[in-house]
Amino acid sequence: MKAKPREWMYILKETYKYFRGLKCPAVIIGSQAISLHLMVKGKMDYRRGLPSKDIDISTPQLEVEGEFNVSLLKGLVKHLQRSRIKIVGVETIDAMTRGLVAHIFTRLPSLKPFTVEIFSTVISLPPQPFILDASQIEVEEVIFKVLNPVDVVVTRLAAPTPIERLHVERLRRFIKAFNIQPREVAFRITTLNLTSQLRGNLKRMRKLNLKLWTNEKWVRFTGKMVKGSLPLNHHLK
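Please read all numbers here as calculations on a predicted model, not as lab measurements. (Residues numbered from 1 in each chain as written. Predicted model: local features only at pLDDT ≥ 70, side-chain atom pairs only at ≥ 80, totals over all residues. Heavy atoms only, no water.)

Visitor: In this structure, what is going on with the overall build of the chain? I would like to understand it.
Guide: Of regular secondary structure, the chain possesses eight helices and nine strands. Within the chain, buried positions represent 52% of all 237 residues. Here the contacts in the chain between residues at least 6 apart in sequence split such that 67% fall between residues at least 24 apart. Within the structure as shown, the chain displays about 12,000 Å² of accessible surface, and the carbon and sulfur contribution to it stands at 51%. (Helix = DSSP H or I, 4+ residues; strand = E, 2+ residues; numbered from the N terminus. Buried < 20%, exposed > 50% of the residue type's maximum accessible area, 1.4 Å probe, protein only. Contact = heavy atoms within 4.5 Å. Areas by Shrake-Rupley, 256 points an atom, 1.4 Å probe, with all protein chains shown as cover.)

Rendered as structure tokens:
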């Protein structure tokens with residue numbers, strides 16, 4: 001059961017206010033990054049678009065000397081409870097090379113289950129979270145740090161979880177709104193050394209006959225990515 005942005009925006013705002021109050025570096029990733037960018041671009045009314053079952057935030061503060069920052073999590077739970085958000089439970093997972101992950105399970109007023117997911121890294125990358133660029137987006141007096149448009153595409157393509165048709169449809173809409181070019185995505189993937197992580201999702205997209213750009217651009221992009229031979233100055237058009 002996914003929730004519309006008008007349902008999850010309040011939880012996102014309160015979660016982010018907590019991190020901002022602690023002066024924690026926190027970046028919004030996942031479909032919420034797409035939602036916020038499209039809203040600011042004027043391409044989407046956030047109250048209606050891109051439903052989700054969770055919100056995704058990356059902060060290195062989740063980890064302290066290799067362990068979960070229990071104080072941070074307890075503080076966030078208390079903050080959300082004071083904000084009248086119903087907390088159902090908390091789960092912590094050591095995702096090994098992908099860092100630490102915490103789930104805070106909530107219940108929306110509509111009784112839909114909803115999860116706040118916090119990562120110690122950007123989940124598709126090795127533990128070096130803030131080599132990624134972030135954009136600032138203001139929504140209803142809250143200033144969020146959000147993955148920039150190119151890195152939103154990169155992290156979805158290189159994610160360890162299989163890409164689905166819905167993800168591709170969202171990315172197409174996003175790429176069109178921001179006129180993101182294959183060469184920009186290719187440059188970031190190569191710079192971040194994510195070519196090997198990308199291949200599984202590219203093969204899956206090929207099997208499902210899914211493309212992000214026109215046939216010619218997509219064939220050139222995937223060919224170079226699968227071979228892993230894309231130089232930084234490659235002139236993809």
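Visitor: Please clarify how a negative patch on the surface should be interpreted in this entry.
Guide: Together, Glu63, Glu65, Glu67 and Asp94 make up a negatively charged patch on the protein surface. We classify glutamate 63 as partly exposed; its relative accessible area is 34%. (Patch = residues over 30% accessible without salt bridge, like charges linked within 9 Å, V, L, I, M, F, W, Y side chains within 5 Å. Salt bridge = Lys/Arg side-chain N within 4 Å of Asp/Glu carboxyl O. Lys, Arg positive; Asp, Glu negative; His and termini not counted. Charge placed at Lys NZ, Arg CZ, Asp CG, Glu CD.)

Visitor: Quick question: what am I supposed to make of the side chain of arginine 170 here?
Guide: Along the chain, the position of arginine 170 falls in helix H5 (residues 165-178). In this structure, arginine 170 is buried with no salt-bridge partner, the nearest side chain bearing the opposite charge being glutamate 169 at 7.5 Å. When near neighbours in sequence (up to four residues on either side) are disregarded, arginine 170 contacts Ser31, Ile34, Leu50 and Pro51.

Visitor: I keep staring at the layout of surface pockets and nothing clicks. Help me out?
Guide: One water molecule sets the probe size; rolling that probe over the atoms shows where empty space is left. Taken as a whole, the largest pocket spans an internal volume of roughly 880 Å³. Around the largest pocket, the lining comprises 35 residues; the ones closest to its centre are Asp54, Asp56, Glu117, Arg156 and Thr161. Those elements that provide at least two residues to the lining of the largest pocket are helix H2 (31-41), strand E2 (54-58), strand E6 (100-107), strand E7 (113-119), helix H4 (149-157) and H5. (1 Å grid on protein atoms, 1.4 Å probe; cavity = no way out; pocket = protein on both sides within 12 Å on 5 of 7 lines; lining within 4 Å. Points joined across faces, edges and corners; volume = space filled by probe spheres on them.)

Visitor: Looking at this structure, how should I read helix H1 (residues 5-21)?
Guide: Residues separated by three or four positions in an α-helix point in the same direction, a consequence of the helix having 3.6 residues per turn. Taking 1.5 Å of rise per residue, the 17 residues of H1 would be expected to cover 24 Å, and the 23 Å separating its terminal C-alpha atoms lies within 8% of that figure. Of all 17 residues in H1, 12 are buried, a share of seventy percent or more. The positive-phi residue at the C-terminal boundary of H1 is lysine 23, with phi of around 60 degrees. (Expected span 1.5 Å × (residues − 1).)

Visitor: Hey, could you run me through the packing of H2 against H5 in this one?
Guide: Helix packing geometry: the angle between the two helix axes and the distance between the axes. Relative orientation of the contacting elements H2 and H5 amounts to 35 degrees, with a least axis distance of 11 Å. The crossing of H2 and H5 is left-handed. Residues Ser31, Ile34, His37, Leu38 and Lys41 of H2 form the contact with H5, whose participating residues are Arg170, Leu171, Arg173, Phe174, Ala177 and Phe178. Grouping the amino acids of the contact of H2 with H5 by side-chain chemistry returns six nonpolar, two polar and three charged. (Axes fitted to C-alpha atoms, helices over the stretch in contact; angles between N-to-C directions. Left-handed = near helix turned anticlockwise from the far one by under 90°. Nonpolar A, V, L, I, M, F, W, Y, C, P; charged D, E, K, R; others polar.)

Visitor: I would appreciate a short explanation of the pairing of strand E9 (residues 142-147) in the present structure.
Guide: Within a regular strand, the side chains alternate between the two sheet faces. The sheet contact formed by strand E8 (residues 134-139) and E9 spans six bridges and is antiparallel. Within E9, the residue paired with valine 139 across the bridge is valine 142. Where E8 folds back on E9, the antiparallel hairpin that results is connected by two residues, among which glutamate 140 adopts a positive phi of roughly 50 degrees. (Pairing = 2+ DSSP bridges.)

Visitor: Would you mind going over the packing of aromatic side chains with me for this structure?
Guide: In this description, an aromatic ring pair is defined by two values, namely the gap between the centres and the angle between the planes. One pass over the structure, following the stated rule, counts six aromatic pairs. With a centroid separation of 5.7 Å and an interplanar angle of 65 degrees, the aromatic rings of tyrosine 18 and phenylalanine 19 are classed as edge-to-face. Here tyrosine 18 and phenylalanine 19 have matching classes, each one buried. Pairwise contacts between aromatic rings join Trp213, Trp218 and Phe221 into one cluster. (Phe/Tyr/Trp six-rings, centres within 6.5 Å; stacked < 30°, edge-to-face > 60°.)

Visitor: Hey, could you run me through unusual backbone geometry in this one?
Guide: Excluding glycine, a negative phi dihedral is what most residues carry, and trans is how most peptide bonds are arranged. Positive phi, normally seen in glycine, also occurs at lysine 23, with a value near 60 degrees. A positive phi angle, close to 60 degrees, is found at asparagine 193, a residue other than glycine. Counting through the fold element by element, asparagine 193 comes out in the loop between helix H6 (182-191) and helix H7 (195-207).

Visitor: Whenever I open this one, the pattern of salt bridges confuses me. Can you help?
Guide: Pairs may arise between side chains of opposite charge once their charged atoms sit close together. In total, this model carries four salt bridges according to the counting rule given. For glutamate 7, the salt bridge goes to lysine 112, with nearest N and O atoms at 3.1 Å. On the criterion of sequence distance, the pair formed by glutamate 7 in helix H1 and lysine 112 in the loop between E6 and E7 is long-range, its members being 105 residues apart. When sorted by exposure, glutamate 7 lands in the same class as lysine 112, which is buried.

Visitor: Whenever I open this one, the environment of isoleucine 163 confuses me. Can you help?
Guide: Along the chain, isoleucine 163 turns up in the loop between H4 and H5. Distance from isoleucine 163 to glycine 200, taken between C-alpha atoms, is 9.1 Å for residues 37 residues apart in sequence.

Visitor: I tried to follow the environment of proline 149 on my own but got confused; where do I start?
Guide: Looking at the secondary structure, you find proline 149 in helix H4. Given the relative accessible area of 17%, proline 149 is considered buried. Note: C-alpha distance between proline 149 and aspartate 133 (16 residues apart in sequence) is 9.4 Å. If we ignore the near neighbours within four places in the chain, the residues touching proline 149 are His37, Ser135, Phe174, Phe178 and Ile180.

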